[in-house]
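Understanding the architecture of this molecule
So the chains spell out like this:
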Amino acid sequence: MAVSVFRNIPYAAGPTGAARFAAPTPVHGAPGADGSGPDGSGPDGPGPNGPGPDRPGPTAPAPERRFPADLSPLMGPGWVRGEEYLTLNVWTPRTDGNAPVMVFVHGGAFLSGTGQAPVYDGTSFARDGVVLVTLNYRLGALGWLDLSDAPRNRGLLDVVAALRWVRAHIADYGGDPDRVTVFGQSAGGMIVSALLVTPEAAGLFRGAISQSGGLHALTGAEAAETTGALADRLGVPATAEAFADVPDERLVSALAEVSGAGPRLSPLGVVLDGLDDAPPPHPVDLLVGTNTQESLLYRRPEQSAAIDAVFRDARERLVSRYDKAFTYDFDWRGGPFGACHAVELPFVFDHTDLPALRTANGLLGPDVPPSLAAETHGAWVRFAMGGDPGWSGTHRFH
């Protein structure tokens, strides 16, 4: 099946100046649906000067982060400078169809990442009859720093804006706006879970998948600690008005000096006061899971139990709010880092063959069972098609 790809489509205006700390401003229209991409490209490749697989478009300001494993296939090209980074990418089996849609929200501890990372290529989903959308959202201080004179959870508002764009325009790309599943991993999984209790997101999706995310949030008091620490390092008042005068480069470098305490893996996150009293979640089909050795990615043995508990407890907190939820444990331990955080992603996207994943320091290592990719990816496709991944209770992938 031929797959058409449309890259770097703006869903909101590029955040500049004081607008970096404001709610997103929607962009109307659907460039690319008529065969001409926003960079002047056709549906199957970039124009001579525009973004494409080898020339990524702008990404949100982000630090360079290092891990024991080579995570470059999941993290993407790093910070690619440019103002117009609130964009999305679409892979579709046909532009005149009515296929189910999956919208992926990447992880990265609310600090880094992009929907342009190689593992998130949507070709396998489109091959199997699903329109796949990936997106960028604001990271770091711009997206998640809690400020009294700015909207809270601006990165979450970006994702809502992207889902509204999908609702309005995905039919032009062969997708069914009434069959949208939003899914995400790690910080992206936490964003997906937050969408479930966000009133503005009601009606924008029919299904949700939270991979190693669950319902996890900071309180206003916890968020204020990070805001105060960052303001102190920058020598400015803790207000959006003051932060608006700080260049992106300085915001990124200063935030890198503010770390999460204890098992917290990021100083930032979704901020929800009264999490236990949050409104009832939206009534959608739900798939939630974790990996059985999440903490092995971080190589912090003294904190392993606490890190694993963060993901496990957030999963159970989300599942407990639904009468019915499909759950999974990802327990493939054949790679150098075992069943660690993020190891399921190449299997979900059916991209286990990327060379950087298969090295001795790669996330998967050299020996990967091809049947596991077919099993995992197939379950996600079935869930998008009909709201059922193909099991009852909790399924173990191994």
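Reference entry: report on the structure contained in this document.

One can find Thr-227 in helix α6 (residues 220–234). For Thr-227, the side chain forms a polar contact with the main-chain oxygen of Asp-146, separated by 2.8 Å. When sequence neighbours within four positions are dropped, the list of residues in contact with Thr-227 reads Leu-145, Asp-146, Leu-147 and Ala-238.

Within the secondary structure, Asp-146 sits in the loop between α3 (140–144) and α4 (154–169). What Asp-146 contacts, discounting residues up to four positions off in sequence, is Arg-152, Gly-220, Ala-223, Thr-227 and Val-271.

A word on the pattern of salt bridges. Per the counting criterion, the structure on display carries 15 salt bridges. Salt-bridge contacts for Arg-152 lead to Asp-273; the nearest nitrogen and oxygen are separated by 3.4 Å. With Arg-152 in the loop between α3 and α4 and Asp-273 in the loop between α8 (248–255) and β7 (285–291), this residue pair connects regions lying 121 residues apart in the sequence. You can call Arg-152 partly exposed: its relative accessible area is 34%. Residue Arg-396 is joined to Asp-331 by a salt bridge in which the shortest nitrogen-to-oxygen separation is 2.9 Å. Of this pair, Arg-396 sits in strand β9 (residues 394–397) while Asp-331 sits in the loop between β8 (326–330) and α10 (345–348), and the two are 65 residues apart along the sequence. Salt bridges here are not isolated pairs; linked through shared partners, they connect Arg-127, Asp-128 and Asp-350.

Time to look at the sheet that holds strand β2 (residues 87–92). Overall, mixed pairing links the nine strands, which are arranged β1-β2-β4-β3-β5-β6-β7-β8-β9 in an open sheet. Where the open sheet ends on each side, the last strands, each with one partner, are β1 (4–10) and β9. Strand-to-strand twist in this sheet, taken as the mean axis angle between neighbours without regard to direction, amounts to 20°. Where β7 lies against β8, five bridges are found, and the strand directions are parallel. In the sheet register, Leu-287 faces β8, and the bridge partner there is Phe-326.

In this section: the packing of aromatic side chains. Tallying each qualifying case throughout the model produces 20 aromatic pairs. Both rings, one in Trp-380 and one in Phe-397, keep their centres 6.2 Å apart while their planes meet at 55°; by these two values the pair is tilted. One end of the pair, Trp-380, is in helix α11 (residues 370–386); the other, Phe-397, is in strand β9, and 17 residues separate them in sequence. When sorted by exposure, Trp-380 lands in the same class as Phe-397, which is buried. One aromatic cluster is present, built from ring pairs that chain together Tyr-328, Phe-330, Trp-332, Phe-347, Trp-380, Trp-391 and Phe-397. Here the guanidinium or amino end of Arg-81 rests over the ring plane of Trp-79, the centre of that ring lying 3.6 Å away.

Before going further, it helps to examine empty space enclosed by the protein. Scanning the entire structure with this criterion turns up one cavity of 30 Å³ or more. Taken together, Trp-144, Leu-145, Asp-146, Leu-218, Ala-223, Thr-226, Pro-267, Leu-268, Gly-269 and Val-271 make up the full set of residues lining the largest cavity. Partitioned by chemical class, the residues of the lining of the largest cavity number seven nonpolar, two polar and one charged.

Turning our attention to the nonpolar core. Of all hydrophobic cores here, the largest spans 121 residues; its most connected members are Tyr-11, Phe-125, Tyr-137, Phe-183, Phe-205, Phe-349 and Trp-380. Sort the elements by how many residues they give to this core and α4 lands first, with eight residues. Sequence-distant contacts of Phe-349, that is, excluding residues within four places in its chain, are made with Phe-104, Val-119, Tyr-120, Asp-121, Ser-124, Phe-125, Leu-132, Phe-183 and His-377.

Cut-offs used in this document
Residues numbered from 1 in each chain as written. Predicted model: local features only at pLDDT ≥ 70, side-chain atom pairs only at ≥ 80, totals over all residues. Heavy atoms only, no water. Helix = DSSP H or I, 4+ residues; strand = E, 2+ residues; numbered from the N terminus. Polar contact = N/O pair within 3.5 Å; in protein donor to acceptor, adjacent residues only side chain to side chain. Contact = heavy atoms within 4.5 Å. Salt bridge = Lys/Arg side-chain N within 4 Å of Asp/Glu carboxyl O. Buried < 20%, exposed > 50% of the residue type's maximum accessible area, 1.4 Å probe, protein only. Pairing = 2+ DSSP bridges. Axes fitted to C-alpha atoms, helices over the stretch in contact; angles between N-to-C directions. Phe/Tyr/Trp six-rings, centres within 6.5 Å; stacked < 30°, edge-to-face > 60°. Lys NZ or Arg CZ within 6 Å of the ring centre and 35° of its normal. 1 Å grid on protein atoms, 1.4 Å probe; cavity = no way out; pocket = protein on both sides within 12 Å on 5 of 7 lines; lining within 4 Å. Points joined across faces, edges and corners; volume = space filled by probe spheres on them. Nonpolar A, V, L, I, M, F, W, Y, C, P; charged D, E, K, R; others polar. Core = buried A, V, L, I, M, F, W, Y, C linked by side-chain atoms within 4.5 Å.

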